[in-house]
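Results of the structural survey
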There are 2 protein chains.
Amino acid sequence: MPELVPSIVRRSDSKIVLVVMDGLGGVRTSERGSEITEAHTPNLDRLAAEGSSGVHSVVAPGITPGSGAGHLALFGYDPLVYKLGRGILSAAGVAFDLRPGDVAARVNFCTLDEAGRVVDRRAGRIPTETNERLCKMITEAVKLDGGVEMFLVPEREHRALLVLRGMNLSPLIRDTDPGVVGITPDPPTATAPEAEVTALVLTRILEQIRLMLWGEQANFMLLRGFDSVQDLPRFEERYLLNARGIASYPMYLGIARLLGMAVSAPANSWDEVILDLKSSWDYYDYFFLHYKATDSAGEDGDFDRKRAAIEQVDESIPQIADLGPGVLCVTGDHSTPSPLMRHSWHPVPFLMWGPTVGVDTVTRFDEEAARLGNFGHQLARDLMTFMMAATGRLSTYGA
Amino acid sequence: MPELVPSIVRRSDSKIVLVVMDGLGGVRTSERGSEITEAHTPNLDRLAAEGSSGVHSVVAPGITPGSGAGHLALFGYDPLVYKLGRGILSAAGVAFDLRPGDVAARVNFCTLDEAGRVVDRRAGRIPTETNERLCKMITEAVKLDGGVEMFLVPEREHRALLVLRGMNLSPLIRDTDPGVVGITPDPPTATAPEAEVTALVLTRILEQIRLMLWGEQANFMLLRGFDSVQDLPRFEERYLLNARGIASYPMYLGIARLLGMAVSAPANSWDEVILDLKSSWDYYDYFFLHYKATDSAGEDGDFDRKRAAIEQVDESIPQIADLGPGVLCVTGDHSTPSPLMRHSWHPVPFLMWGPTVGVDTVTRFDEEAARLGNFGHQLARDLMTFMMAATGRLSTYGA
């Protein structure tokens, strides 16, 4: 069955702004409310009072999403249908222009003992400079079988991105990272016949790398999350929207780019994000603004920093609202409650504000207030439908 | 598409307790609230205050579930996909060890007149002792075609279980019970070609039984609910949980056993259920506790007895909570409002309590309070997802 929303889209000049506070959702504990509940957010509260609120489950009830799944859902791509694996996200994170057919994997430089057993899965978290030196050395020296190209792109510390480019490659390869120390890495193994050639190419590459890295602290590499870029429907075609992604972290820009959005350079601050929004306002229909600090603070278990991060976004809200979007939606891509210090399954609050959204009785932006709003409890993938509807972009369904 | 939850399960040593008060849900009438609303439940209220609440539709909105469907849903098996027929439930109810390929049916001993017309579909509700005598007589005397075994197990009064065991049997047989008096029973009829042999076997059995029962008040039997045990995914494999079912009624133990749970002996009281929970606490990860009195009282239209039954469970709650489960969920498998005196489609309240569940603003355990809780309105099959999530048993979905 074709998807409903793409089948009834039409153009409009009313603009959509989606503000994603990463890991926004929290939980009340016996001591106090969630971070949002405790935050001072007069501007978000005003939007809640003038608009409509709800909460969303990101993937499905009780399911904790990764960042890729969370963002796909907010972009209206059902994350149970469309997938972004670890390799793809790594590529997105270093702004690598992954092409259809490429096979990407996440690399961990590691340390093996003399018997070839993993003694440190992160090679003592080698400095990024060492990582860069090793990636350069390997890329220059590795010999590849006919027709295959290899890219090895350093990330931070011990992490890197490996990409193979060539004909007839397949990502159906098991992780070589054993996940524990004291045993040897697994050989690259195909999980389906069409990946046999890829497994062989990888085996030859790893043999050479083992020799090249002899004597280094990082004397081998572990691979996981083999992945190919999926043929994701392009955002612009799907929604007839000219879209721009604005973020500080390359990974979120990378996800936006995978869907075909125009993206900003990585912003150095939230102020720069807002500045980019203003300066590009006339040129796009849809703006995705990503704010990372809420998630980082939640993962660090730092309640006060997460609360302060929410308040920072709140301060910027009038500048966004004053641009006059057809709909402004503020939400998160998942919950990262600071008491849990990780992503969680808890529903995430959202608000929508704009001339046709309608006003409900909610006057405060937090989980507990939002739950009682007009939107009730939704799946994240349907938020895009509401944004499209609120900007007049969906035709009537049925005669 | 494979099911999501089984694809991301992992182990944890945090324990799950599910307390099912059968037929818990009720309705407010113009005179008063539901049984739960009127019950004095200080312990459940405390759990509601410290945890999160919601209501669930068991199968789908507006659908009244049977006991099998209700329990499958609470165990996380979508009752629209997985089914337990009447024959299976009868077998479960008498602890009959039904095997794959067996065909089971519910038997009603009945009374026919001289022309072979049904005059009493329950044979005057013959005493259970008569039932036992007749089942024994028939089992000993019946002659079966090569390779087929027959089991006839007495239940209470006029009810029994018939099981055929052999090669190439099929449950695709129409009920012989006409459902009304004054006409002759229908012959065993196959509804698909693969059941022709089974229909023939049944016809020969019924011919013999008609002769054997000549002169008895119960002079024939009506068959309905032909069914075979479905190849249900085992609970342990599906969830990596070592599970125990504890109940007073054999049928609920039987359902638990069908999923591969270890089960208690039928408990003689709710106190014995709690005692079994405590003594087996160290040996299992998941406990299903079944409480019947709420449903029985609701079916009898006895509001006060149902309320008192809820209060009995409430008194035991501290003993369960003190064991320190990772999550304790209290709910029902459907509603049995005493004003209606039968199962109904009305949503059922639930609460979840545990260190990572989160706290909402609900401070009372009843339908009206629960609806405003964090969980909002869910499908029963998703409750298991929440319990798995709250005990750290689900990996992040997507990278």
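Predicted model only: the values in this text are computed from it and were never measured. (Residues numbered from 1 in each chain as written. Chains lettered and ligands numbered in written order. Predicted model: local features only at pLDDT ≥ 70, side-chain atom pairs only at ≥ 80, totals over all residues. Heavy atoms only, no water.)

Scanning chain A from N- to C-terminus turns up 14 helices and 13 strands. Here the C-alpha atoms of chain A give a radius of gyration of 23 Å, agreeing with the 21 Å that 2.2 N^0.38 yields for 399 residues. Residue burial in chain A is summarised as follows: out of 399 residues, 58% are buried. Taking the intrachain contacts of chain A between residues at least 6 apart in sequence as the baseline, contacts between residues at least 24 apart amount to 74%. On chain A, roughly 16,000 Å² of surface is accessible, and the fraction owed to carbon and sulfur atoms is 50%. (Helix = DSSP H or I, 4+ residues; strand = E, 2+ residues; numbered from the N terminus. Rg over C-alpha atoms; globule rule 2.2 N^0.38 Å. Buried < 20%, exposed > 50% of the residue type's maximum accessible area, 1.4 Å probe, protein only. Contact = heavy atoms within 4.5 Å. Areas by Shrake-Rupley, 256 points an atom, 1.4 Å probe, with all protein chains shown as cover.)

So, on to the environment of glycine 51 of chain B. Residue and element names in this part refer to chain B. Here glycine 51 shows up in the loop between helix H3 (42-50) and strand E2 (52-57). Taking the C-alpha atoms as reference, glycine 51 lies 54 Å from leucine 202; in sequence the two are 151 residues apart. Leave out the neighbours within four places in its chain, and glycine 51 touches Met352, Trp353, Gly358, Val359 and Asp360.

Turning our eyes to something else, we now look at the nonpolar core. Ranked by internal contacts, the top residues of the largest apolar core, which has 182 residues, are Phe235, Tyr286 and Leu289 of chain A together with Phe235, Tyr286 and Leu289 of chain B. Looking at this core, the element that brings in the most residues is helix H14 (residues 383-390) of chain B, giving seven residues. (Core = buried A, V, L, I, M, F, W, Y, C linked by side-chain atoms within 4.5 Å.)

A word on the interface of chain B and chain A. How large an interface is tends to be reported as the accessible area lost when its parts come together. Opposite the 25 residues of chain B that make contact, chain A presents 31 residues. Carbon and sulfur atoms make up 64% of the area that chain B and chain A hide from each other, which totals about 2,100 Å². Looking at the side of chain B facing chain A, the largest losses of area belong to Val359, Tyr397 and Ala399 of chain B, adding up to 33% of the total buried there. Linking chain B with chain A are zero salt bridges. When contributions to the side of chain B that touches chain A are tallied by element, the ones reaching two or more residues are helix H1 (4-7) and H14 of chain B. Sorting elements by how many residues they give to the side of chain B that touches chain A places H14 of chain B first, with four residues. (Buried area = accessible area lost by both parts, 1.4 Å probe. Salt bridge = Lys/Arg side-chain N within 4 Å of Asp/Glu carboxyl O.)

Turning our eyes to something else, we now look at the pairing of strand E11 (residues 327-331) of chain A. The side chains of a regular strand alternate between both faces of the sheet. Residue and element names in this part refer to chain A. Burial analysis of E11 places five of its five residues in the buried class, the great majority of the element. Because side chains alternate across E11, one face comprises the buried residues Val327, Cys329 and Thr331, and the other comprises Leu328 and Val330, equally buried. Pairing analysis gives five bridges linking strand E1 (residues 16-21) to E11, with the strands arranged parallel. Within the sheet, the bridge partner assigned to isoleucine 16 lies in E11 and is valine 327. Relative to strand E12 (residues 348-353), E11 runs antiparallel, the two being bridged by three bridges. Residue leucine 328 lies in a different strand from E12, and its bridge partner there is tryptophan 353. (Pairing = 2+ DSSP bridges.)

Looking now at the packing of helix H4 (residues 67-74) of chain A against helix H9 (residues 250-258) of chain A. Residue and element names in this part refer to chain A. Running from N to C, H4 and H9 point in directions that differ by 45 degrees, and their axes come no closer than 11 Å. Taken together, H4 and H9 sit at an angle that is classed as oblique. Note on packing geometry: the crossing formed by H4 with H9 is right-handed. Where H4 approaches H9, its residues Ser67, Gly68 and His71 are matched on the opposing element by Met251, Tyr252 and Ile255. The class makeup of the residues in the contact of H4 with H9 is three nonpolar, three polar and no charged. (Axes fitted to C-alpha atoms, helices over the stretch in contact; angles between N-to-C directions. Parallel < 35°, antiparallel > 145°, perpendicular 65-115°, else oblique. Left-handed = near helix turned anticlockwise from the far one by under 90°. Nonpolar A, V, L, I, M, F, W, Y, C, P; charged D, E, K, R; others polar.)

All names here are of chain B. Along the chain, glutamate 367 turns up in helix H13 (residues 367-370). In the structure, glutamate 367 is positioned 303 residues away from threonine 64 in sequence and 17 Å away in space, judged by C-alpha atoms. Sequence-distant contacts of glutamate 367, that is, excluding residues within four places in its chain, are made with Leu24, Gly25, Gly26, Ser34, Ile36, Thr37, Val55, Pro347 and Pro349. A distance of 2.8 Å separates a polar atom in the side chain of glutamate 367 from the backbone nitrogen of glycine 26. Side-chain polar atoms of glutamate 367 contact the side chain of threonine 37, separated by 3.5 Å. (Polar contact = N/O pair within 3.5 Å; in protein donor to acceptor, adjacent residues only side chain to side chain.)

Here we come to the pattern of salt bridges. Residue and element names in this part refer to chain B. Applying the stated criterion across every chain, the model contains 41 salt bridges over all chains. Arginine 46 is paired through a salt bridge with glutamate 50; the nearest N and O atoms lie 3.3 Å apart. A residue pair is termed a helical-turn pair when its members lie 3 or 4 positions apart in one helix, as arginine 46 and glutamate 50 do in helix H3 at four residues. Judged by its relative accessible area of 36%, glutamate 50 falls in the partly exposed class. Arginine 121 serves as the salt-bridge partner of aspartate 177, at 2.8 Å between the closest nitrogen and oxygen. One end of the pair, aspartate 177, is in the loop between strand E6 (159-165) and helix H7 (196-212); the other, arginine 121, is in the loop between strand E4 (118-120) and helix H6 (128-141), and 56 residues separate them in sequence.

For the pair chain B and chain A, the superposition axis carries a translation of 0.1 Å, the fit reaches an RMSD of 0.2 Å, and the rotation angle comes to 122 degrees. In symmetry terms, the pair is related by a three-fold rotation axis. A low fraction, 4%, of the interface residues of chain B reappear at the interface in chain A, so the copies pair through non-equivalent surfaces. (Least-squares fit on C-alpha atoms with pLDDT ≥ 70 in both.)

With that settled, consider the packing of H3 of chain B against helix H12 (residues 303-321) of chain B. Residues and elements named next belong to chain B. Contact pair H3 / H12: the axes reach a minimum separation of 6 Å and the direction vectors enclose 50 degrees. The angle between H3 and H12 places the two elements in the oblique class. Residues Pro42, Asn43, Leu44, Arg46 and Leu47 of H3 pack against Asp314, Glu315, Ile317, Pro318 and Ala321 of H12. When its residues are assigned to classes, the contact of H3 with H12 shows six nonpolar, one polar and three charged.

On to the sheet that holds strand E12 (residues 348-353) of chain B, then. All names here are of chain B. One open sheet accounts for eight strands, arranged E9-E8-E10-E1-E11-E12-E2-E13; its pairing is mixed. Two strands close off the open sheet at either side, each with one partner strand: strand E9 (262-263) and strand E13 (376-379). Packed on one face of the sheet, H3 meets strand E1 (16-21), E2, strand E11 (327-331) and E12 and runs near 65 degrees to E12. Seen against the sheet, H14 touches E1, E2, strand E10 (286-291), E11, E12 and E13 and runs at an angle of roughly 160 degrees to E11.

Right, let's get into H6 of chain B. Each α-helix turn comprises 3.6 residues. Residues three or four places apart therefore point the same way. Residue and element names in this part refer to chain B. Across its 14 residues, H6 extends 20 Å between first and last C-alpha, which sits within 8% of the 20 Å expected from 1.5 Å per residue. Within the span of H6, buried status applies to Thr130, Asn131, Leu134, Cys135 and Ile138. All buried residues of H6 project into a common sector of 130 degrees when viewed along the axis, lining one side. Facing away from the buried side of H6 by over 90 degrees, the exposed positions are Glu129, Lys136 and Glu140. (Expected span 1.5 Å × (residues − 1). Arc of directions from axis to C-beta.)

The subject of this paragraph is the packing of aromatic side chains. Residue and element names in this part refer to chain A. Within this structure, the stated rule accounts for 28 aromatic pairs over all chains. The interplanar angle of 75 degrees and the centroid separation of 6.0 Å between the aromatic rings of tyrosine 284 and phenylalanine 287 together place this pair among those described as edge-to-face. For tyrosine 284, a relative accessible area of 15% translates into the label buried. Taken together, the ring pairs connect Phe75, Tyr77, Tyr82, Phe235, Tyr239, Tyr286 and Phe288 into an aromatic cluster. In this structure, arginine 32 packs its charged tip against the face of phenylalanine 303, placed 3.5 Å from the ring centre. Stacked on the ring of tyrosine 77, the Lys or Arg arginine 238 has its end atom at 4.3 Å from the ring centre. (Phe/Tyr/Trp six-rings, centres within 6.5 Å; stacked < 30°, edge-to-face > 60°. Lys NZ or Arg CZ within 6 Å of the ring centre and 35° of its normal.)

Residues and elements named next belong to chain A. In space, the eight strands of this open sheet follow the order E9-E8-E10-E1-E11-E12-E2-E13, with mixed pairing throughout. The sheet terminates laterally at strand E9 (262-263) and strand E13 (376-379), the two strands that pair on one side only. In this sheet, E13 lies alongside strand E2 (residues 52-57) in parallel orientation, the contact comprising four bridges. The residue bridging histidine 56 from the neighbouring strand is glutamine 378, located in E13. Where helix H14 (residues 383-390) meets the sheet, it contacts E1, E2, strand E10 (286-291), E11, E12 and E13, and its direction lies at approximately 160 degrees from that of E11.

What follows covers the confidence of the model for chain A. Scored by pLDDT, chain A comes out at a mean of 95, with 100% of its residues at no less than 70. For this predicted complex, the interface score ipTM comes out at 0.86, while the overall pTM is 0.88. (pLDDT = per-residue confidence, 0-100.)

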